[in-house]
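So you can see what is in the structure, the chains are spelled out below.
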Amino acid sequence: SVPPEQAALFDELARESRPMDHGAARILAHVPFAARIDREMRDYLRYRSSLPKDVVKLAILVAARELDCAVIWHRHAASAAQAGIPRELVDALRDGAELPRVSDRLMAVINYGRETYRRHTVCHGTFSVARELFGERGVVEVGLLFGSYHMLAILFNATDEALPPEIGRAHV
């Protein structure tokens, strides 16, 4: 049920190369204006931001874990190694286990995300470390990643977005 005033935008999105029959696109297709903004934001953050690939992927995984979003976790955990994230770290995040020793850069993403989601604020020290490592622009981009994937997690967790049967929602 697309609002009439957004029908032309829906048609434009449908003509693009990415399918709208699964994931965020399927859910957001009901609000094409939001679908366009979401697509542009996530494309920017994942492929054109100032952040290294491992930081981007880890921010997505931290959001998925902190928000218990099996859909996002399933879609990103398998490719974490390709982005340079150690398998032991992915497993520890998934299991809520003690984290292995990782670079300061990766630890900064984890701390920033955990404080954001658990305390709804970030302490000065955590923010300062993130800003030192990622710069002013980068620390804003990390925050935007958390916000973007928070929105998706809400949509996925509140809808019937399908996971492969062998995964199930308990495997975040």
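A short tour of the structure in this document, coming up. This structure is a prediction, so every number in the text was calculated from the model and none was measured.

### A look at a nonpolar patch on the surface
A cluster of nonpolar side chains, Val-31, Phe-33 and Ile-37, forms an exposed patch at the surface whose accessible area comes to about 270 Å². With respect to the helices and strands, Ile-37 occurs in helix α3 (residues 32-48).

### Details of the nonpolar core
Ranked by internal contacts, the top residues of the largest apolar core, which has 45 residues, are Leu-58, Ile-72, Leu-89, Phe-134, Leu-145, Phe-146 and Phe-156. The set of elements that each furnish at least two residues to this core consists of α2 (23-28), α3, α4 (53-66), α5 (70-77), α6 (87-95), α7 (104-119) and α8 (124-158). Per-element accounting of this core gives the leading share, 10 residues, to α8. The residues touching Ile-72, leaving out its near neighbours within four places in the chain, are Ile-60, Ala-64, Tyr-149, Leu-152, Ala-153 and Phe-156.

### A word on the packing of aromatic side chains
Any pair of aromatic rings gets described here by the distance separating the centres and the angle formed by the planes. In the structure shown here, the tally under the stated rule is 2 aromatic pairs. Relative to Phe-146, the ring of Tyr-112 lies with its centre 6.0 Å away and its plane at 20 degrees, an arrangement referred to as stacked. You can see Tyr-112 sitting in helix α7 and its partner Phe-146 sitting in helix α8, a full 34 residues away along the chain. Neither residue differs from the other here; Tyr-112 and Phe-146 are each classed as buried. Where Tyr-117 meets Phe-146, the ring centres are 5.6 Å apart and the plane angle is 75 degrees; that geometry is what we call edge-to-face. Pair noted here: Tyr-117 is in helix α7 and Phe-146 is in helix α8, with a separation of 29 residues, a long-range link. Using a relative accessible area of 3% as the deciding quantity, one classes Phe-146 as buried. Ring-pair connections join several aromatic residues into one group, and the members of that group are Tyr-112, Tyr-117 and Phe-146.

Conventions used here
- Along each chain, residue indices are assigned from 1 in the same order as the chain's sequence is written.
- Restriction of local features to residues with pLDDT of at least 70 applies here, the model being predicted, together with a cutoff of 80 or more for giving and counting side-chain atom pairs; totals for whole chains, interfaces and linings are based on all residues.
- The side-chain values count all of the structure's non-hydrogen atoms but skip hydrogen atoms and water molecules.
- Every patch collects residues that have over 30% relative accessible area and no salt bridge, joining them within 9 Å if they carry like charges and within 5 Å if they are nonpolar side chains (Val, Leu, Ile, Met, Phe, Trp, Tyr).
- Note on areas: Shrake-Rupley, 1.4 Å probe, and residue coverage restricted to the protein chains presented here.
- Each salt bridge in this description consists of a side-chain nitrogen of Lys or Arg and a carboxyl oxygen of Asp or Glu lying within 4 Å of one another.
- A run of H or I in DSSP becomes a helix once it reaches four residues, and a run of E becomes a strand once it reaches two; helices and strands are each numbered from the N terminus.
- For the purposes of this section, nonpolar cores are sets of buried Ala, Val, Leu, Ile, Met, Phe, Trp, Tyr and Cys residues that join through side-chain atoms within 4.5 Å.
- Remark: exposure states derive from per-residue accessible area (1.4 Å probe, protein chains only) relative to the maximum for the residue type, with buried under 20%, exposed over 50%, and partly exposed in between.
- Should any heavy atoms of two residues lie within 4.5 Å, those residues are considered in contact.
- The criterion for an aromatic pair is that two Phe, Tyr or Trp rings (for Trp, the six-membered ring) have centres within 6.5 Å, with stacked assigned to planes under 30 degrees apart, edge-to-face to planes over 60 apart and tilted to the rest.

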